[in-house]
Number of protein chains: 2
Amino acid sequence: MEKTLKKVDILIVEDEAPIARLMEIHLQRAGFSIALCGDGHQACQLLEQNHYRLLLLDRMIPGLRGLDLLRWLRKQKSLKKMPVIMVTALAQTEERIRGLNEGADDYLPKPFEPDELLARVKALLRRSNHQHLKVNQSIIDVDNDAQEACVQGERLHLRPLEFKLLQRLMKKMGKVRSRQYLLDHVWGINSFVEERTVDVTIKRLRKTLDKYGLGDCIVTVRGSGYRFDNKIKP
Amino acid sequence: MEKTLKKVDILIVEDEAPIARLMEIHLQRAGFSIALCGDGHQACQLLEQNHYRLLLLDRMIPGLRGLDLLRWLRKQKSLKKMPVIMVTALAQTEERIRGLNEGADDYLPKPFEPDELLARVKALLRRSNHQHLKVNQSIIDVDNDAQEACVQGERLHLRPLEFKLLQRLMKKMGKVRSRQYLLDHVWGINSFVEERTVDVTIKRLRKTLDKYGLGDCIVTVRGSGYRFDNKIKP
DNA sequence: CATAAGCTGTCATCTTCGTGTCATGTTAAA
DNA sequence: TTTAACATGACACGAAGATGACAGCTTATG
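To keep things clear, this report deals only with the structure shown in the data block.

1. Brief notes about the environment of R74(A)
Residues and elements named next belong to chain A.
At step 1: Within the secondary structure layout, R74 lies in helix α3 (residues 66-75).
At step 2: As a C-alpha pair, R74 and G103 span 29 residues in sequence and 7.3 Å in three-dimensional space.
At step 3: A polar side-chain atom of R74 sits 2.7 Å from the main-chain carbonyl oxygen of K80.

2. Some words on the protein's contact with DNA strand C
At step 1: Around DNA strand C sit 23 residues in total, of which W187(A), T197(A), R204(A), R159(B) and R204(B) are the nearest.
At step 2: The sugar-phosphate portion of DNA strand C accounts for 70% of its atoms within 4 Å of the protein, the bases making up the rest.
At step 3: Measuring from a phosphate oxygen of DNA strand C, one finds a backbone N or O atom of E194(A) at 3.3 Å.
At step 4: Contact between DNA strand C and R204(A): a base oxygen at 2.5 Å from a side-chain N or O atom of the residue.

3. What to know about the sheet that holds strand β4 (residues 84-88) of chain A
All names here are of chain A.
At step 1: Pairing within the open sheet is parallel, and its five strands lie in the order β2-β1-β3-β4-β5. Across the chains shown, the open sheet's two edge strands, defined by having one partner strand only, are β2 (33-37) and β5 (106-109). When the angles between neighbouring strand axes are averaged without regard to direction, this sheet yields 20°.
At step 2: Bridge count between strand β3 (residues 54-58) and β4: four bridges; the pairing is parallel. Counterpart to L56 in the pairing with β4 is I85.
At step 3: The sheet contacts of α3 involve β1 (9-13), β3 and β4, and relative to β4 the element is tilted by about 170°.

4. Considering the protein's contact with DNA strand D
At step 1: Around DNA strand D, a shell composed of 21 residues is seen, among which T220(A), Y226(A), R179(B), T220(B) and Y226(B) lie nearest.
At step 2: In the model, a base nitrogen of DNA strand D is placed 3.5 Å from a nitrogen or oxygen of the R222(B) side chain.
At step 3: Of all the secondary-structure elements, those providing two or more residues to the surface near DNA strand D are α8 (196-210) and β10 (218-221) of chain A together with α8 (196-210) of chain B.
At step 4: Looking at side-chain class alone, the surface near DNA strand D contains three nonpolar, four polar and 14 charged residues.

5. Overview of the side chain of D229(A)
Residue and element names in this part refer to chain A.
At step 1: Relative to the helices and strands, D229 is located in the segment after β11 (225-228).
At step 2: A relative accessible area of 9% places D229 in the buried class.
At step 3: Engagement of the side chain of D229 in a polar contact is seen with the side chain of R227, the distance being 2.6 Å.
At step 4: For D229, the residues in contact, after removing those within four places along its chain, are M173, C217 and V219.

6. Considerations on the side chain of Q131(A)
All names here are of chain A.
At step 1: Positionally, Q131 belongs in strand β6 (residues 130-135).
At step 2: Here N144 takes part through its side chain, which lies 3.5 Å from a polar atom of the side chain of Q131.
At step 3: The contacts of Q131, once residues within four sequence positions are left out, are I140, D141, V142, N144, Q167, M170 and K171.

7. Details of empty space enclosed by the protein
At step 1: All told, the structure shown has two cavities of 30 Å³ or more when counted by the stated rule.
At step 2: Here the largest cavity is characterised by a volume of approximately 150 Å³.
At step 3: For the largest cavity, the lining is made up of 14 residues, of which S78(A), L79(A), H132(A), I139(A) and D141(A) are closest to its centre.
At step 4: For the lining of the largest cavity, the per-class residue count stands at five nonpolar, five polar and four charged.
At step 5: Residues from two domains meet in the lining of the largest cavity; each of domain 1 (9-128) and domain 2 (133-228) of chain A gives at least three.
At step 6: Surrounding the second largest cavity, D9(B), G31(B), F32(B), R53(B), I139(B), D141(B), C150(B), V151(B), Q152(B) and G153(B) form its lining.
At step 7: Secondary structure elements with two or more residues in the lining of the second largest cavity: β7 (138-143) and β8 (148-151) of chain B.
At step 8: Split by residue class, the lining of the second largest cavity holds four nonpolar, three polar and three charged.

8. So, the pattern of salt bridges
At step 1: Following the criterion strictly, the structure yields 26 salt bridges over all chains and no others.
At step 2: For D199(A), the salt bridge is made with R196(A), and the minimal N-O distance between the two is 2.3 Å. Taken together, the residues D199(A) and R196(A), both in helix α8 and three residues apart, mark about one turn of the helix.
At step 3: Overall, R196(A) belongs to the partly exposed group, its relative accessible area being 48%.
At step 4: Its salt-bridge partner being R53(B), residue D141(B) comes within 3.4 Å of it at the nearest N-O pair. A residue pair is termed long-range when its members are at least 10 positions apart, and D141(B) in strand β7 and R53(B) in the loop between α2 (40-49) and β3 (54-58) qualify at 88 residues.

Rules used throughout
Residues numbered from 1 in each chain as written. Chains lettered and ligands numbered in written order. Predicted model: local features only at pLDDT ≥ 70, side-chain atom pairs only at ≥ 80, totals over all residues. Heavy atoms only, no water. Helix = DSSP H or I, 4+ residues; strand = E, 2+ residues; numbered from the N terminus. Polar contact = N/O pair within 3.5 Å; in protein donor to acceptor, adjacent residues only side chain to side chain. Near = heavy atom within 4 Å. Pairing = 2+ DSSP bridges. Axes fitted to C-alpha atoms, helices over the stretch in contact; angles between N-to-C directions. Contact = heavy atoms within 4.5 Å. Nonpolar A, V, L, I, M, F, W, Y, C, P; charged D, E, K, R; others polar. Buried < 20%, exposed > 50% of the residue type's maximum accessible area, 1.4 Å probe, protein only. 1 Å grid on protein atoms, 1.4 Å probe; cavity = no way out; pocket = protein on both sides within 12 Å on 5 of 7 lines; lining within 4 Å. Points joined across faces, edges and corners; volume = space filled by probe spheres on them. Domains from an automatic or database assignment. Salt bridge = Lys/Arg side-chain N within 4 Å of Asp/Glu carboxyl O.

Taken by themselves, the reported measurements are silent on function.
Okay, structure coming up:
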């Protein structure tokens, strides 16, 4: 369906290199792009400085224990919603539940089948139903279930139309959307508003994003429409 | 008006006072309310006359041996489903299995780590058809079997519809539920009430939750429906 | 059986908030 | 410069939701 290449980045935190490599291979083959890390503290740094869509976290890693890392993660404003799969050899039920209690979204027993790894990753990404995006230093996160958008973990107050508009523009980054297209998909095919109305709603959306220095994400393409862009100059 | 009696979450049956106290402290810190008892026969009385959500049972207690108490418990109609964690210094596998055979749901070796105690309690509560959730400082606990909900161990007086509504909203945290969805799943697919009725029931549910400062958990999503949220600003 | 108490659906009213339009200012292309 | 395209602020209407009252109905209680 979508031609958009998978901009999905997965961070694998795993100290046993062969296993990490195995994961990497299988996930790359499925089209994901991967970052590896073998140390807990380093992982924190990476998570703070970069942006990943999913975290594969081994329970037993040097530096910080997996659970500690997870707990830390859930306390970070901008990371608390990140999907996490715990990887551990401790297959006992109570251990698993303990991980889930701490906020892991899923659990992968070790040793694992490549297929199971892939299935869980895909399932979790599907389940999380978020769109996120890194613009300069900020992360925009659109939660389609909750119908809310966050920047750096801070909830934006978006009105229904503004939210749908953002959703629609982010759906296909960088593609220009005509006013008519937006009217059809955001307002609905059978609404009777004039094209200029789009301008006003774009304005309102921009105003909110501006509070986070992201107003320029929405680029006007004269004569054509609007486009969402993450390569803006600060 | 105040028919809501204080409800105790966990009964600890343990004759060694320091250990009992230790358990109490850690569980209270996690938001549970605790009752203590050092004698087997007295424990039976308490169990008959009060209502607990979980039983922490030491194997070696005066009056009745732990296993006897457990056996008795499983014969009582109203108690046979109660979640029980056996606490014992006898860490041998066969002893453990014996306890489980008699109907203990889980097993805690003595001495124990506070974390493990907590993890097992939480895990067992979860397994036994409860949903619980931490919002700010409060714990909301929904017991799907007993059809009742508690905040900080205090039983909420919820009318049937309100309870089902809460259940449904908590089932998938943070997901927006449309009025129609709620009508279908709370009122039932073939009921003939209008959508506005949902508003009123939400209002009534909120009013109850408000007594615990949790009224804001249920967020209105204009144009879409309602959503249960645990990220509320205090 | 009668009465009280408790649930729930509907309605009327009030409040808040979202949105479309217009008038005017600004920008960019030709 | 000229002009069409877009930005922006103001405003008013109306929709969506909140709230309180009430009546019908069921269930406990005597």
